[in-house]
Amino acid sequence: MVDIDNIFELVGTHPIARALLALLVIKALWSVVRWRRCPWTASKRLAAEGPEAIERRRASPWRHSLRFGVVMVLGIGFSIYGLLKIAVHGADAPIALLLLAFGLYLSLTEPVQRQIADAEDSAALAAREPESEAYALSVSMVQGNQLTLLMIDVIGAVVLGLSLLALSGVRMPMSPAAAGPA
(Lines give C-alpha, C1' and ligand atoms only; values in the text may rest on other atoms or scores of the structure.)
Protein backbone atom coordinates (compact mmCIF):
# COMPACT_ATOMS: atom_id res chain seq x y z
CA MET A 1 0.00 0.00 0.00
CA VAL A 2 3.00 2.26 0.47
CA ASP A 3 3.69 2.05 -3.27
CA ILE A 4 0.28 3.42 -4.24
CA ASP A 5 0.67 6.26 -1.73
CA ASN A 6 3.96 7.20 -3.36
CA ILE A 7 2.32 7.17 -6.80
CA PHE A 8 -0.47 9.46 -5.59
CA GLU A 9 2.02 11.80 -3.93
CA LEU A 10 4.11 12.09 -7.12
CA VAL A 11 1.06 12.54 -9.35
CA GLY A 12 -0.16 15.42 -7.20
CA THR A 13 2.97 17.44 -7.93
CA HIS A 14 3.82 16.20 -11.44
CA PRO A 15 3.73 18.83 -14.24
CA ILE A 16 2.24 16.35 -16.72
CA ALA A 17 -0.77 15.95 -14.44
CA ARG A 18 -1.30 19.70 -14.45
CA ALA A 19 -0.96 19.84 -18.23
CA LEU A 20 -3.52 17.04 -18.51
CA LEU A 21 -5.84 19.02 -16.22
CA ALA A 22 -5.44 22.11 -18.40
CA LEU A 23 -6.28 20.05 -21.51
CA LEU A 24 -9.37 18.61 -19.84
CA VAL A 25 -10.58 22.06 -18.80
CA ILE A 26 -10.11 23.39 -22.35
CA LYS A 27 -11.92 20.33 -23.74
CA ALA A 28 -14.79 20.86 -21.27
CA LEU A 29 -15.11 24.51 -22.33
CA TRP A 30 -15.13 23.47 -26.00
CA SER A 31 -17.87 20.93 -25.21
CA VAL A 32 -19.98 23.73 -23.71
CA VAL A 33 -19.56 25.78 -26.89
CA ARG A 34 -20.47 22.83 -29.13
CA TRP A 35 -23.47 21.96 -26.97
CA ARG A 36 -24.86 25.48 -27.31
CA ARG A 37 -24.33 25.68 -31.11
CA CYS A 38 -26.06 22.42 -32.19
CA PRO A 39 -28.92 23.76 -34.37
CA TRP A 40 -26.73 26.37 -36.04
CA THR A 41 -24.04 23.78 -36.82
CA ALA A 42 -26.54 21.38 -38.39
CA SER A 43 -27.93 23.94 -40.83
CA LYS A 44 -24.44 25.19 -41.80
CA ARG A 45 -23.22 21.63 -42.37
CA LEU A 46 -26.09 20.89 -44.75
CA ALA A 47 -25.35 24.04 -46.73
CA ALA A 48 -21.63 23.21 -46.91
CA GLU A 49 -21.84 19.50 -47.79
CA GLY A 50 -25.20 19.02 -49.42
CA PRO A 51 -27.72 16.27 -48.72
CA GLU A 52 -26.23 13.86 -51.29
CA ALA A 53 -22.82 13.78 -49.60
CA ILE A 54 -24.37 13.25 -46.18
CA GLU A 55 -26.63 10.44 -47.44
CA ARG A 56 -23.69 8.78 -49.19
CA ARG A 57 -21.63 8.89 -45.98
CA ARG A 58 -24.51 7.50 -43.91
CA ALA A 59 -25.10 4.67 -46.38
CA SER A 60 -21.47 3.57 -46.59
CA PRO A 61 -20.70 0.19 -45.03
CA TRP A 62 -17.65 1.56 -43.18
CA ARG A 63 -19.18 4.52 -41.40
CA HIS A 64 -16.57 4.80 -38.68
CA SER A 65 -13.70 7.08 -39.49
CA LEU A 66 -10.07 6.09 -39.14
CA ARG A 67 -9.93 8.49 -36.21
CA PHE A 68 -12.40 6.37 -34.24
CA GLY A 69 -10.30 3.23 -34.60
CA VAL A 70 -7.02 4.98 -33.82
CA VAL A 71 -8.35 6.79 -30.74
CA MET A 72 -10.03 3.66 -29.36
CA VAL A 73 -6.87 1.57 -29.84
CA LEU A 74 -4.79 4.33 -28.22
CA GLY A 75 -7.20 4.59 -25.29
CA ILE A 76 -7.19 0.86 -24.67
CA GLY A 77 -3.42 0.74 -25.17
CA PHE A 78 -2.79 3.59 -22.70
CA SER A 79 -5.03 1.91 -20.13
CA ILE A 80 -3.33 -1.48 -20.46
CA TYR A 81 0.15 0.06 -20.46
CA GLY A 82 -0.67 2.09 -17.35
CA LEU A 83 -2.01 -0.97 -15.53
CA LEU A 84 1.02 -3.06 -16.45
CA LYS A 85 3.48 -0.35 -15.39
CA ILE A 86 1.73 0.07 -12.05
CA ALA A 87 1.79 -3.69 -11.52
CA VAL A 88 5.47 -4.03 -12.42
CA HIS A 89 7.06 -0.84 -11.10
CA GLY A 90 4.73 0.21 -8.30
CA ALA A 91 5.83 3.54 -6.83
CA ASP A 92 8.29 4.18 -9.66
CA ALA A 93 5.47 4.69 -12.19
CA PRO A 94 3.45 7.81 -11.31
CA ILE A 95 2.90 8.58 -14.99
CA ALA A 96 1.30 5.15 -15.41
CA LEU A 97 -1.67 6.27 -13.30
CA LEU A 98 -2.14 9.29 -15.55
CA LEU A 99 -1.87 7.08 -18.66
CA LEU A 100 -4.49 4.77 -17.20
CA ALA A 101 -6.85 7.67 -16.51
CA PHE A 102 -6.23 9.24 -19.92
CA GLY A 103 -6.80 5.92 -21.69
CA LEU A 104 -10.10 5.47 -19.88
CA TYR A 105 -11.09 9.02 -20.80
CA LEU A 106 -10.37 8.37 -24.49
CA SER A 107 -12.29 5.08 -24.39
CA LEU A 108 -15.29 6.81 -22.81
CA THR A 109 -15.44 9.89 -25.03
CA GLU A 110 -14.72 8.56 -28.51
CA PRO A 111 -17.92 6.47 -28.85
CA VAL A 112 -19.90 9.54 -27.74
CA GLN A 113 -18.08 11.58 -30.42
CA ARG A 114 -19.20 8.98 -32.98
CA GLN A 115 -22.80 9.22 -31.75
CA ILE A 116 -22.62 13.01 -32.05
CA ALA A 117 -21.37 12.77 -35.64
CA ASP A 118 -24.21 10.40 -36.56
CA ALA A 119 -26.81 12.61 -34.89
CA GLU A 120 -25.35 15.70 -36.59
CA ASP A 121 -25.75 13.97 -39.96
CA SER A 122 -29.41 13.29 -39.16
CA ALA A 123 -29.91 16.88 -38.02
CA ALA A 124 -28.21 18.24 -41.13
CA LEU A 125 -30.52 16.20 -43.35
CA ALA A 126 -33.58 17.25 -41.36
CA ALA A 127 -32.49 20.92 -41.56
CA ARG A 128 -34.07 21.09 -45.03
CA GLU A 129 -37.35 21.51 -43.15
CA PRO A 130 -36.45 23.46 -40.01
CA GLU A 131 -40.05 23.55 -38.76
CA SER A 132 -40.51 19.77 -38.87
CA GLU A 133 -40.69 17.44 -35.92
CA ALA A 134 -37.82 15.39 -37.39
CA TYR A 135 -35.53 18.40 -37.22
CA ALA A 136 -36.48 19.14 -33.61
CA LEU A 137 -35.93 15.49 -32.66
CA SER A 138 -32.58 15.35 -34.48
CA VAL A 139 -31.34 18.52 -32.81
CA SER A 140 -32.42 17.23 -29.40
CA MET A 141 -30.52 13.99 -30.07
CA VAL A 142 -27.39 15.99 -30.92
CA GLN A 143 -27.84 18.11 -27.81
CA GLY A 144 -28.36 15.03 -25.64
CA ASN A 145 -25.19 13.41 -26.95
CA GLN A 146 -23.33 16.69 -26.55
CA LEU A 147 -24.60 16.91 -22.97
CA THR A 148 -23.30 13.40 -22.28
CA LEU A 149 -19.88 14.40 -23.60
CA LEU A 150 -20.04 17.64 -21.63
CA MET A 151 -20.76 15.75 -18.42
CA ILE A 152 -17.86 13.35 -19.02
CA ASP A 153 -15.51 16.27 -19.73
CA VAL A 154 -16.61 18.40 -16.78
CA ILE A 155 -16.68 15.53 -14.29
CA GLY A 156 -13.27 14.36 -15.51
CA ALA A 157 -11.78 17.84 -15.15
CA VAL A 158 -13.33 18.39 -11.70
CA VAL A 159 -12.23 15.00 -10.38
CA LEU A 160 -8.70 15.40 -11.74
CA GLY A 161 -8.49 18.96 -10.40
CA LEU A 162 -9.69 17.98 -6.93
CA SER A 163 -7.40 14.96 -6.94
CA LEU A 164 -4.39 17.07 -7.85
CA LEU A 165 -5.32 19.58 -5.18
CA ALA A 166 -5.67 16.88 -2.56
CA LEU A 167 -2.54 15.02 -3.63
CA SER A 168 -0.33 18.08 -3.88
CA GLY A 169 -0.41 18.56 -0.12
CA VAL A 170 -2.31 21.86 -0.22
CA ARG A 171 -4.44 22.19 2.89
CA MET A 172 -7.80 23.86 2.52
CA PRO A 173 -8.45 26.50 5.21
CA MET A 174 -11.23 25.55 7.56
CA SER A 175 -13.89 28.00 8.63
CA PRO A 176 -13.66 29.18 12.26
CA ALA A 177 -16.96 27.48 13.07
CA ALA A 178 -15.73 24.10 11.77
CA ALA A 179 -12.39 24.39 13.57
CA GLY A 180 -14.07 24.25 16.96
CA PRO A 181 -13.31 26.23 20.09
CA ALA A 182 -9.87 27.75 20.38
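Residues numbered from 1 in each chain as written. Predicted model: local features only at pLDDT ≥ 70, side-chain atom pairs only at ≥ 80, totals over all residues. Heavy atoms only, no water.

## Focus on the overall build of the protein
Of the regular secondary structure elements, the protein holds eight helices and zero strands. Across the protein, helices and strands are ordered from the amino to the carboxyl terminus as α-α-α-α-α-α-α-α. Looking at the protein as a whole, 32% of its 182 residues qualify as buried. For the protein, restricting intrachain contacts to residue pairs at least 6 apart in sequence, the fraction spanning at least 24 positions comes to 78%. (Helix = DSSP H or I, 4+ residues; strand = E, 2+ residues; numbered from the N terminus. Buried < 20%, exposed > 50% of the residue type's maximum accessible area, 1.4 Å probe, protein only. Contact = heavy atoms within 4.5 Å.)

## Overview of the confidence of the model for the protein
Taken over all residues, the pLDDT of the protein has a mean of 78, while the share at 70 or more is 75%. Across the protein, element-level confidence peaks in helix α5 (residues 66-89) with a mean pLDDT of 90 and bottoms out in helix α8 (residues 176-179) with 56. (pLDDT = per-residue confidence, 0-100.)

## What to know about the packing of aromatic side chains
What the rule picks out here adds up to one aromatic pair. Consider the rings of Phe-78 and Phe-102, whose centres lie 5.8 Å apart with planes at 40 degrees: the pair is tilted. A residue pair is termed long-range when its members are at least 10 positions apart, and Phe-78 in helix α5 and Phe-102 in helix α6 (residues 94-126) qualify at 24 residues. With a relative accessible area of 27%, Phe-78 lands in the partly exposed category. Residue Phe-102 is classed as partly exposed on the basis of its relative accessible area of 27%. (Phe/Tyr/Trp six-rings, centres within 6.5 Å; stacked < 30°, edge-to-face > 60°.)

## Structural notes on the packing of helix α4 (residues 51-59) against α6
Contact geometry of α4 with α6 gives a least axis separation of 10 Å together with a crossing angle of 145 degrees. The two elements α4 and α6 meet at a crossing, and its hand is left-handed. Here Pro-51, Ile-54, Glu-55, Arg-57 and Arg-58 of α4 lie close against α6, whose contacting residues are Asp-121, Ser-122, Ala-124 and Leu-125. Along the lines of polarity and charge, the residues of the contact of α4 with α6 split into four nonpolar, one polar and four charged. (Axes fitted to C-alpha atoms, helices over the stretch in contact; angles between N-to-C directions. Left-handed = near helix turned anticlockwise from the far one by under 90°. Nonpolar A, V, L, I, M, F, W, Y, C, P; charged D, E, K, R; others polar.)

## Overview of the nonpolar core
If you look at the biggest cluster of nonpolar residues, it comprises eleven residues: Ala-17, Leu-20, Leu-21, Leu-24, Val-71, Leu-98, Tyr-105, Leu-106, Ala-157, Leu-160 and Leu-164. Contributing elements (two or more residues each) for this core: α2 (15-36), α6 and α7 (133-167). Considering each element in turn, this core owes the most residues, four residues, to α2. For Leu-24, the contacting residues outside a window of four places in its chain are Tyr-105, Gly-156, Ala-157 and Leu-160. Among the nonpolar cores identified, the runner-up in size contains seven residues, and Ala-123, Ala-126, Val-139 and Val-142 belong to it. (Core = buried A, V, L, I, M, F, W, Y, C linked by side-chain atoms within 4.5 Å.)

## What to know about the side chain of Ser-138
Within the secondary structure, Ser-138 is located in helix α7. Given the relative accessible area of 8%, Ser-138 is considered buried. Once you skip the residues sitting within four places of it in the chain, Ser-138 turns out to touch Ala-119, Ser-122, Ala-123 and Ala-126.

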